[in-house]
Structures are given as structure tokens and as C-alpha cells.
Amino acid sequence: MTTVGIDAVEIWTGNLKLDLPGTFAPQKGEAPEKYTKGLGLNASSFPDSYEDIVTMAANAAHRLMDRKGLEPDDVGRIDVATESAFDNSKPVSTYVAGCLEQVYEGDFHHANKGERKFACIAGTQSLDDAYNWIRAGRNRGRGAIVIATDTALYARGDAGEATQGAGAVAMYIAEDPDLVELSPEQGYGSADETDFLKPNQQFPSVDGKRSVQVYLARMREALQDFESVAGDVHPDDIAFIPFHTPFPGMVRKAGLLGYRYITRDTAIEEELAEEIGRQPREEAFGTEDDYHEAVREYTDALKGTDQYQEWYARTIDPTLTVSREVGNWYTGSVHIARISAMKHALENGRDLTGETLLVGSYGSGAQAEIHAETVCESWSEEIEALNVDEQLAARYDMSWEDYEEVHDAHNHEMDVDVEEFTTPEEEFVFDGWGRMGERK
Ligand code: CAA
């Protein structure tokens, strides 16, 4: 059976940068450490006034096609995942195809296009759709372009404002991939929740604290469901766990939950249980409160152990490097975490070939998905070809006044005209509806 997975990936960051400890913290009257240590963020990417979800998606896809030598005829599907869409009917993928058709000889008339929505998990759902389409044998030798693109902006003054971000991740899904092969097993945790909503509004209504709890609850269910089909996961058998990363502080909690959960019933758990007290099990406690108290005590103790800290430093921390500098890219966030981990391995001379990634995706509303990926032989060439650091370094560092202006420029309810802070070079730009995607 041929393998199916991610053949190549490219990112496009919003061209502006908001420095959280240096620019944001003083304005909010907060200590810089709240952002750098608490949330785990140094900066967030922000779209310049000529950028939006279409331009960032088209720019990432163009870079991907260019680098891999792909022509429109190689692409049988273009799926865009976003929670920042501006059109309830026409999918963003059609706008993106329109942009790309300006620079390629052929067109994408033959390609199936769509738009996926389920908050941040939609990027992974689109990946799954592409995988299933190829596995079903409907692809006629073609691959799929999957793009996760978002402007994760919150209303000014909202607690979420510190966790904004903007960027796109484009992936080519194909047979015999060069980057990672997807496993057929998946685990889900899904429930009707109202922790984060955008009912016909641009900025989210979010219950931040609850959203953290909902994330952890659904992720635990997904892990449990994954193990029911894939068998017990041992923490040492996983190279990295790229989690959905709204901010790295969230992943600190998810990493601890993941470790606590997957070390159940294993030798490590027994060792730890002996050292710090037994693993709490619901049925062994009289009341739910007693149980939750025991879980809290156990988890706090676990956090301090050398085993856990060593595992976290090796398996989770390397997934957060890029996120710390760009903030939340919603649908693209978990896919940045994968890149971040693989980039870390490359920079440290580690060969990942054949190793396993456990990918933890999450979307508010709410659903978590766990699946495994096996790293392919050519992974290092793929990661080496990326220019993530150059893109991040090239961003314009905004003053507070710049930030307020450009935030207003992106606010659909305001009609303000704002200067461009950066000069677009060989990229698609948003220049009014009539000239959407014109290439400057
Ligand atoms: N030094 C070190 N740490 C500090 C500090 C300091 N001076 N000051 C505060 N901190 C720590 C706090 O202790 C806290 O850490 P813990 O959670 O580990 O206790 C952390 O910094 C954040 O501080 P607060 O909780 O006080 O921050 P806040 O209330 O202003 O906002 C938030 C936090 C609720 C997560 C907010 O950023 C938010 O609403 N974000 C948007 C929603 C979100 O991202 N939710 C995540 C789950 S939902 C999801 O994943 C989908 C999605 O993409 C949105």
C-alpha cells in the first residue's frame, strides 16, 4: 500500500510584529513576565493593511508550488481551513485559486475546492479530507493543497488580545510523501460547547478561562479514544507532540495532561506512583470533589519530577519555538508546532527518519483530534528549504500607535485608511475588492 501524507509545507507570516513584553505590557500595566513566562509569548505576527487571509494563503501556496515545481495540473483539490472567513457562500479557496491563476499558465478548473470550518481544528480536518480522498483512490495521481489561514484578532481590551496572530500554512498532501506519513488511526473528543464563538461577528466572544478547561477535557478524551484504536502509547516512543498552540502556556498544561494520561498503566507510571503517591482513579474516590483534589495534588507533584521535566524538555518544548514569536494562527497553529519541532531536530543534528509524532489538534466549540505521523526519509531537505527565521526577522516591529492604527484598519466595523508599514515584494496583496490578489 502506498503511503499518504504531507509532502511539503510552507508558511507565510503576517508582515508586522507586536512585541508583547516591550510594547504591549507597558500599555496594559502588566509585568512583561506575564507574557514571556505566563503565556509563553515574546511577540505576535500581525497583518499589514494590504494583507488578509486570502493574500497570506495565496502567498504560502505560491511559495509551496514554486519550491516543489508543482503546476496546476498536479493539484486535484484546494481546501482552505479558516475561522476568519468574510464570505458565507463563496469559499476562500476560490479566491486563492484566482490569485494563483495569475502566475501559472494552467488553471485550477479541474480542482475540487472547499472551505472547512471548525475553529482551529479545521486545518487538521482538511488534512484528513485530503488523506481520505487520496486513500479512496479518487485523486487520479494528483495531490491536494491544504491551506490553514487566519487573522486571529481580538477586540482591543479583550483578554485574548495578548494571544493574537496572523499567518498561513500551506501543505501539499500526496502519495509517497517527503515529510510525514499519516497513520489511519485517529482519536476524537467532541462536545457541544460555547467557550469561543464568532456568530456573524469579526472578533470572538470568548470565555478564556473556561476555554482552557474545555481544551484539556476534549484532548484527554481524544487521547483515550486514540489509544482505543492504536493501542497504548508509551511517552518514550514519541519524538514530539505538536499540540494546537493558542499560546505556549496552554501547551504546558496540555503536555502535563498528556503525560499524566499516557503514563497510566505503564512501568513509568508505577515508578512515579511509588515516588509521589498513587495515580488517582475516579472510582476510588467517594465524591467528585475528592477526586479532582487528588488529581490536582498528583499533577502538581508530577510537574516537579525529573522524569516529567526531562520528557517535557525533549518532547514538547521544541514544538513551541515558532509559536513564541508569532502568537496564535488558529487553524495553522498545530502545523507550525510540527514545523517548529522538526526545525529543532534539524538544528540539533538529530535524524528523525522513522520516528513518531503524535499530533494533538483542537478547535473550540469543541473538538480535539489525536493522530500519529511517521517522519519520512527526506524530511530534513524539506525542513531545510524553509525560511521561517528570515520571515520572522523581516517583520516590521510596530509601535503602540502603529498597532492601534492597523488594528482599526482590519476592523470591519471601522472605515479607516491606513498607510502600509512594509513594502510588498513579489507577493499577492489585498488592494480593494475589485483588485483582490493583484500581484505587485
Ligand atoms: N510572571 C509570571 N507569570 C505570570 C505573571 C507574571 N508577572 N502574571 C501572570 N502570570 C501567569 C498566570 O499565572 C497565568 O498562568 P497559569 O494559567 O499557568 O496560572 C498566565 O500568566 C496568564 O495569566 P492570566 O490567566 O491572568 O491571563 P489573562 O486572564 O489575562 O488571560 C487567557 C489568559 C484567558 C488565556 C486569555 O489570553 C484569553 O482569553 N485567550 C484567548 C482564549 C484562548 O486562547 N484559550 C485557549 C484555549 S481555546 C483554544 O485553544 C482555541 C483558540 O485557539 C482560541
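Higher on the page you've got the structure.
Predicted model only: the values in this text are computed from it and were never measured. (Residues numbered from 1 in each chain as written. Predicted model: local features only at pLDDT ≥ 70, side-chain atom pairs only at ≥ 80, totals over all residues.)

### With respect to the overall build of the protein chain
Counting its secondary structure elements, the protein chain contains 15 helices and 15 strands. Here the C-alpha radius of gyration of the protein chain, 21 Å, is about what a compact globule of 440 residues would show, namely 22 Å. When the backbone C-alpha atoms are referred to their principal axes, the protein chain occupies close to 65 × 60 × 40 Å. Relative to its 440 residues, the protein chain shows a buried fraction of 48%. Taking the contacts inside the protein chain whose residues are at least 6 apart along the sequence as the reference set, 79% of them involve residues at least 24 apart. (Helix = DSSP H or I, 4+ residues; strand = E, 2+ residues; numbered from the N terminus. Rg over C-alpha atoms; globule rule 2.2 N^0.38 Å. Buried ≥ 20, exposed ≤ 12 C-beta atoms within 10 Å, placed from the backbone. Contact = placed C-beta atoms within 7 Å.)

### Here's the deal with the packing of helix α3 (residues 53-68) against helix α4 (residues 92-101)
Contact geometry of α3 with α4 gives a least axis separation of 9 Å together with a crossing angle of 55°. As far as their axial angle goes, α4 and α3 are oblique. Read as a crossing pair, α3 and α4 show a hand that is right-handed. The segment α3 lies against α4, with Ile53, Val54, Ala57, Ala58, Ala61 and His62 engaging Val92, Tyr95, Val96, Cys99 and Leu100. Here the residues of the contact of α3 with α4 sort into ten nonpolar, one polar and no charged. (Axes fitted to C-alpha atoms, helices over the stretch in contact; angles between N-to-C directions. Parallel < 35°, antiparallel > 145°, perpendicular 65-115°, else oblique. Left-handed = near helix turned anticlockwise from the far one by under 90°. Nonpolar A, V, L, I, M, F, W, Y, C, P; charged D, E, K, R; others polar.)

### Thoughts on the site of the ligand
For the ligand, the set of nearby residues contains 27 residues, the closest of which are Glu33, Gly38, Gly160, Gly208 and Pro246. Of all the elements in the fold, those that place two or more residues in the shell around the ligand are α2 (32-39), α6 (208-230) and α7 (248-262). A class-by-class count of the residues in the shell around the ligand yields 14 nonpolar, nine polar and four charged. (Near = placed C-beta within 6 Å.)

### Regarding the sheet that holds strand β4 (residues 75-81)
In space, the eight strands of this open sheet follow the order β5-β4-β6-β7-β1-β8-β12-β11, with mixed pairing throughout. For this open sheet the edge positions go to β5 (112-116) and β11 (356-363), each flanked by a neighbour on one side alone. Going across the sheet, the axis of each strand differs from the next one's by a mean of 25°, ignoring polarity. Of the pairings in the sheet, the one linking strand β1 (residues 4-13) to strand β8 (residues 180-190) comprises two bridges and is antiparallel in character. (Pairing = 2+ DSSP bridges.)

### What about the pairing of β8?
With eight bridges joining them, β8 and strand β12 (residues 367-375) adopt antiparallel strand pairing. Within β12, the position partnered with Glu181 by the bridge is Thr374.

### With respect to the packing of helix α1 (residues 20-28) against α2
Running from N to C, α1 and α2 cross one another at 125°; their axes reach a closest spacing of 7 Å. With respect to each other, α1 and α2 are oriented oblique. Facing Leu20, Pro21, Phe24 and Ala25 of α1, the residues of α2 in contact are Pro32, Lys34, Tyr35 and Thr36. In terms of residue class, the contact of α1 with α2 is built from six nonpolar, one polar and one charged.

### Observations regarding the sheet that holds strand β3 (residues 43-46)
Strand order in this open sheet of three strands is β3-β2-β13, and the pairing throughout is mixed. Each having just a single partner strand, β3 and β13 (396-397) make up the two edges of the open sheet. Set on the sheet, α1 makes contact with β2 (16-19) and β3; between it and β2 the angle comes to about 60°.

Purely spatial values, then, with no claim about function.
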